[in-house]
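Each chain, letter by letter, is given below.
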Amino acid sequence: MNVATIRQDFPIMNELVHGKHPLVYLDNAASTQHPNSVLAAMDSCYRTSYANVHRGIHELSERATELFEAARRKVATFVGVEDTGEIIITSGTTAAINVVARSWCEANLRAEDEILLTVLEHHSNTVPWQQAAKRVGARVIFSPVRDDGSFDLQAWIDLISPRTRLASFAAVSNVLGYGLPIREMVAAAKSYGVVTMLDAAQSVPHEPTNFKSLDVDFAAFSGHKMLGPSGVGILYGRRELLEAMPPFLGGGSMINRVTTDGFTPGELPAKFEAGTPPIVEAVGLGAAIDYLSAIGLPEVVMHEQRLAQRARKLLHEIPGLKFLLTHAETPSGIISFHFPKLAAQDVAILLDRKGIAVRAGHHCAMPLHDRFHIPASLRASFYLYNTEAEVDLFAERLAEVVEKLSA
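Residues numbered from 1 in each chain as written. Predicted model: local features only at pLDDT ≥ 70, side-chain atom pairs only at ≥ 80, totals over all residues. Heavy atoms only, no water.

Across 4 bridges, the pairing between strand 11 (residues 255-259) and strand 12 (residues 262-265) is antiparallel. Bridging across to strand 12, Ile 255 finds its partner in Pro 265. Turn length for the strand 11-strand 12 hairpin, with the two strands adjacent in sequence and antiparallel, is 2 residues. (Pairing = 2+ DSSP bridges. Helix = DSSP H or I, 4+ residues; strand = E, 2+ residues; numbered from the N terminus.)

Right, let's talk about the sheet that holds strand 17 (residues 377-381) for a bit. Ordered by their spatial adjacency, 4 strands build an open sheet running 13-14-17-16, and the pairing between neighbours is antiparallel. Taken across any chain shown, the strands that pair with only one partner, and hence form the sheet edges, are strand 13 (322-323) and strand 16 (359-361). In the sheet, strand 16 pairs with strand 17 via 3 bridges, with the strands oriented antiparallel. Bridge pairing in strand 17 places Ala 360 opposite Leu 378. Sheet strands touched by helix 11 (residues 297-315): strand 13 and strand 14 (334-338). Its angle to strand 14, the strand with the most contacts, is close to 20°. (Contact = heavy atoms within 4.5 Å. Axes fitted to C-alpha atoms, helices over the stretch in contact; angles between N-to-C directions.)

For the rest of this paragraph, the subject is the packing of aromatic side chains. Under the counting rule described, the total for this entry stands at 8 aromatic pairs. Aromatic pair Phe 10 and Tyr 291: ring centres 5.8 Å apart, planes at 90°, arrangement edge-to-face. Taken together, the residues span a long stretch of sequence, with Phe 10 in the loop between helix 1 (3-7) and strand 1 (16-17) and Tyr 291 in helix 10 (residues 279-295) at a distance of 281 residues. The same class applies to Phe 10 and to Tyr 291, which are both buried. Their ring planes at 50° and their centres at 6.2 Å tell us that Phe 211 and Phe 221 sit as a pair that is tilted. Here Phe 211, found in helix 8 (residues 211-214), pairs with Phe 221, found in strand 9 (residues 218-222); they are 10 residues apart in sequence, far enough to count as distant. Assessed through its relative accessible area of 0%, Phe 211 is described here as buried. A relative accessible area of 1% places Phe 221 in the buried class. Between the NZ or CZ atom of Arg 312 and the centre of the ring of Phe 323, over which it lies, the distance is 4.1 Å. (Phe/Tyr/Trp six-rings, centres within 6.5 Å; stacked < 30°, edge-to-face > 60°. Buried < 20%, exposed > 50% of the residue type's maximum accessible area, 1.4 Å probe, protein only. Lys NZ or Arg CZ within 6 Å of the ring centre and 35° of its normal.)

As a further point, take the packing of helix 11 against helix 14 (residues 388-406). Closest axis-to-axis distance for the helix 11/helix 14 pair is 10 Å, and the angle between their directions is 25°. Judged by the inter-axis angle, helix 11 sits roughly parallel to helix 14. At the point where helix 11 passes helix 14, the crossing takes the right-handed sense. Two secondary-structure elements touch here, helix 11 through Leu 307, Arg 310, Ala 311, Leu 314 and Leu 315 and helix 14 through Glu 388, Val 391, Asp 392, Phe 394, Ala 395 and Leu 398. Among the residues forming the contact of helix 11 with helix 14, the class breakdown is 8 nonpolar, no polar and 3 charged. (Parallel < 35°, antiparallel > 145°, perpendicular 65-115°, else oblique. Left-handed = near helix turned anticlockwise from the far one by under 90°. Nonpolar A, V, L, I, M, F, W, Y, C, P; charged D, E, K, R; others polar.)

Right, let's get into the sheet that holds strand 7 (residues 164-170). Across the sheet, 7 strands lie side by side as 4-10-9-8-7-5-6; this open sheet has mixed pairing. One side of each edge strand has no neighbouring strand; the edge strands of this open sheet are strand 4 (87-90) and strand 6 (139-143). Adjacent strand axes in the sheet meet at a mean angle of 20° when their direction is disregarded. Judged from the 4 bridges that link them, strand 4 and strand 10 (residues 233-237) form a sheet pairing that is antiparallel. Residue Ile 88 lies in a different strand from strand 10, and its bridge partner there is Leu 235.

With that settled, consider the pattern of salt bridges. A complete count under the given rule lists 25 salt bridges for this structure. For Arg 238, the salt bridge is made with Asp 215, and the minimal N-O distance between the two is 2.4 Å. Taken as a pair, Arg 238 in the loop between strand 10 and helix 9 (239-244) and Asp 215 in the loop between helix 8 and strand 9 lie far apart in primary sequence, 23 residues in all. When its relative accessible area of 14% is taken as the criterion, Arg 238 is described as buried. Taking the relative accessible area as the measure of exposure, Asp 215 reaches 31% and is therefore partly exposed. Residue Arg 238 pairs with Asp 217 through a salt bridge whose shortest N-O separation is 2.8 Å. One end of the pair, Arg 238, is in the loop between strand 10 and helix 9; the other, Asp 217, is in the loop between helix 8 and strand 9, with 21 residues separating them in the sequence. One connected set of salt bridges, linked through shared partners, spans Lys 190, Asp 215, Asp 217 and Arg 238. (Salt bridge = Lys/Arg side-chain N within 4 Å of Asp/Glu carboxyl O.)

A separate point is the nonpolar core. Ranked by size, the top nonpolar core spans 77 residues in total, and within it Trp 156, Leu 198 and Phe 211 carry the most contacts. The element best represented in this core is helix 10, accounting for 10 residues. Beyond its immediate chain neighbours, meaning those up to four positions away, Trp 156 contacts Leu 116, Leu 117, Thr 118, Ser 143, Phe 151, Ala 167, Phe 169, Met 185, Ala 188 and Ala 189. Core analysis: the second largest hydrophobic core is formed by 30 residues, Leu 307, Phe 339, Ile 356 and Leu 378 among them. (Core = buried A, V, L, I, M, F, W, Y, C linked by side-chain atoms within 4.5 Å.)

Scope: geometric values only; no functional claims are made or implied.
Below, the structure written as structure tokens:
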């Protein structure tokens, strides 16, 4: 993988921070940057082919519809799904999870039922289930992580009971950076008849993913974490489950017929795509998939792991630094750490003044930070356009910042 050539595809890599420092962007777990091909695809759609989709018989509408549906087909192929009716285009992972939390739970969740989560989940995979449980008097159960940050699979399995109706979990933790044992979790859930939901926001952009092979019932991910634009994401669901669920949002496009007495919902995927969809954003997501497919996700994940391992080795030498995941192995491009005597925000602010962009805070994972008894942490997350030189500079600048703040 020629990173120097890849960087030429990203205009923002030429940006100077605070007018003098070359940008070192290490906040990729939050959002990634955009290659020229994605920007060009969206610009071309706006300039030459924009109209509302599925509704018009004129030339522009037909062009836009074909571009939009071509993006859906690319998504389906990318995640191993043959039936494009199982690919629902949403505004992001959060919206996709909320569809299931409202629609599936409304039809299936009852008082005293349980929803099984893990303590390492993103708030987007926590709050919607808490809201759903509150509406009907159900309970949300959280599986723990060990003191070293590792996931306790047996503890998770032991929490499954006849009351468990749904289990939702991240494919990869956005804080700890490792992948959960998805196949084992799905198999255990299915042995109890439990429906599974996979938050794949941190896995689909980085490693080959096949939802059918993983045997999950639902899955979600976002465009802005995989070189695409914000405002677009994907909900995958098994056709038989989606067809049995009531539509969540009502309005245009999601209907078959409307009368003064009521309505009948449309066929999949329209049933869950009320209103004007994110047309140009979907085109951008399709272009991002083309870009990633041309490079190859196996190459991407290997590159990220090399960078993260290098960073972990260098950061290990910084006095006072503590990793949230204490394993020597770094299974992804995400590293989270903290300084017991320093505020994470102060460290991030001073790094920014030197051109280094990292994330400081709870990373939308407050329960996990509560588990470690810390208010916040720092996170560096790498992607295909990051370099070893950037890793070295990050470690050097971080050491300088820590020395300054400690003094």
